[in-house]
Amino acid sequence: MRKPLVAGNWKMNGSSASSKLLLDGILAQAKTFPSIDVALFPPAVYLPQVQQAMQHSHIRWGTQNVSSYHKGAYTGEISATMLHDFNCNYVLIGHSERRCLYAELDLDQLVLDRIIAEKYHMAITEGLTPIVCIGESPEEHAVGKTEDVIGRHLDILIEHQGVKALSQAVLAYEPVWAIGTGRTASPEWAQEVHSFMRERVAKHDPVIAQSLRILYGGSVKGNNAAPLFSQPDIDGGLIGGASLDADEFVKICQAAQAKI
Ligand code: 13P
């Protein structure tokens, strides 16, 4: 049985005052989801605040990105070693907002895939669990290219890292058309893609594929989490907007808890 994981990606939202309210609200209800893994991904400047608030709970934390370099003249970047220094357990890699919104758009796709693979390697080297985000764009979705896109991302990751490295990772299926749109993928659709992903990994290593956690992300809310999480290959969620509201986020965590 894979342990469900619910990850809250705060993106670029909040202040120290609102983060405190959010953290207090989640912490006060943490006993209602005791057997799942939960991780919070605040903007990096709030990392010490999250660490301080959550250190004695079962809730963990991480960042929304990591540098592909060790250290040096890389203005604005944060290394995996620094994340380790703040006791991070997880890091998000390859989120579509980074793939699309930053220089990453101008890069040749192969260069982008290599950078993501390098970030993954950095995370693993520092003992962090990378949550690798993969998903098709609205255009790719419209022309039925989902499996091509997802399959290619997985193949590149496995080619760069070797399938064994996936035993230390989590995958997240985040269809770009579902992110922040309120247009959640149906549980059946998400299950089909998750099952495709697991089978793709199983071609290389069936044991790793069985234990690999695959999260769904894209407009997950308190009222639609349960049917998504009840699918056999959906092992939890990567939550954006709804992770900014303590009660909503807790409802999602409780839906994951109910899967156990
Ligand atoms: P929303 O839950 O706001 O759609 O965001 C999903 C996401 O991008 C999480 O990483």
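Residues numbered from 1 in each chain as written. Predicted model: local features only at pLDDT ≥ 70, side-chain atom pairs only at ≥ 80, totals over all residues. Heavy atoms only, no water.

Participant: Got a sec to walk through the site of the ligand? Specific residues and values, please.
Facilitator: In the vicinity of the ligand lie 13 residues, with Lys11, His95, Gly180, Ser219 and Gly241 positioned nearest. Here an oxygen atom of the ligand and a side-chain polar atom of His95 are 2.8 Å apart. Note that an oxygen atom of the ligand is positioned 3.0 Å from one of the side-chain N or O atoms of Glu174. Considering the ligand on its own, with 310 Å² of exposed area, one finds that the protein chains cover 96% of that surface. Partitioned by chemical class, the residues of the shell around the ligand number 4 nonpolar, 7 polar and 2 charged. (Near = heavy atom within 4 Å. Polar contact = N/O pair within 3.5 Å; in protein donor to acceptor, adjacent residues only side chain to side chain. Areas by Shrake-Rupley, 256 points an atom, 1.4 Å probe, with all protein chains shown as cover. Nonpolar A, V, L, I, M, F, W, Y, C, P; charged D, E, K, R; others polar.)

Participant: So what's going on with empty space enclosed by the protein? Residues and values would help.
Facilitator: On inspection of all chains with the given rule, the structure shows 3 cavities of 30 Å³ or more. Empty space within the largest cavity amounts to approximately 70 Å³. Around the largest cavity, the lining residues are Arg99, Asp113, Ile116, Ala117, Val132, Ile134, His153, Ile156 and Leu157. Elements that contribute at least two residues to the lining of the largest cavity include exactly helix H5 (109–125), strand E5 (129–134) and helix H7 (146–161). Its residues placed into classes, the lining of the largest cavity shows 6 nonpolar, 1 polar and 2 charged. (1 Å grid on protein atoms, 1.4 Å probe; cavity = no way out; pocket = protein on both sides within 12 Å on 5 of 7 lines; lining within 4 Å. Points joined across faces, edges and corners; volume = space filled by probe spheres on them. Helix = DSSP H or I, 4+ residues; strand = E, 2+ residues; numbered from the N terminus.)

Participant: Explain the pairing of strand E4 (residues 90–93) to me, and be specific about the residues and the numbers.
Facilitator: Burial along E4 is two-sided: the face carrying Tyr90 and Leu92 and the face carrying Val91 and Ile93 are both buried. With 2 bridges joining them, strand E3 (residues 59–63) and E4 adopt parallel strand pairing. Within E4, the position partnered with Thr63 by the bridge is Val91. Taken together, E3, helix H3 (residues 80–85) and E4 form a β-α-β motif whose crossover is right-handed. (Buried < 20%, exposed > 50% of the residue type's maximum accessible area, 1.4 Å probe, protein only. Pairing = 2+ DSSP bridges. Right-handed = clockwise from strand over helix to strand, strands pointing away.)

Participant: Describe the packing of H5 against H7, listing the residues and the values that go with them.
Facilitator: The interhelical angle for the contact between H5 and H7, taken along N-to-C directions, is 55°, at an axis separation of 10 Å. One way to sum up the angle between H5 and H7 is to call them oblique. Classified by chirality, the crossing of H7 by H5 is right-handed. Side by side, H5 and H7 meet where Gln109, Asp113, Arg114, Ala117, Glu118, Tyr120 and His121 of the first sit next to Arg152, His153, Ile156, Leu157, His160 and Gln161 of the second. Classifying every residue of the contact of H5 with H7 gives 4 nonpolar, 5 polar and 4 charged. (Axes fitted to C-alpha atoms, helices over the stretch in contact; angles between N-to-C directions. Parallel < 35°, antiparallel > 145°, perpendicular 65-115°, else oblique. Left-handed = near helix turned anticlockwise from the far one by under 90°. Contact = heavy atoms within 4.5 Å.)

Participant: Let's hear about the pattern of salt bridges: which residues, and what values?
Facilitator: Considering all chains together, one arrives at 10 salt bridges under this definition. For Arg2, the salt bridge identified is with Asp235, shortest N-O distance 2.9 Å. Placement of the pair is Arg2 in the segment before strand E1 (5–9) and Asp235 in the loop between helix H10 (225–229) and strand E8 (236–239), with a sequence separation of 233 residues. Each member of the pair Arg2 and Asp235 is classed as buried. Measuring nitrogen to oxygen at the nearest pair gives 2.7 Å for the salt bridge that ties Asp155 to Arg200. Note that Asp155 is positioned in helix H7 and Arg200 in helix H8 (residues 187–202), a separation of 45 residues in sequence. Residue class for Asp155 comes out partly exposed when judged on its relative accessible area of 29%. Overall, the relative accessible area of 22% leaves Arg200 in the partly exposed class. (Salt bridge = Lys/Arg side-chain N within 4 Å of Asp/Glu carboxyl O.)

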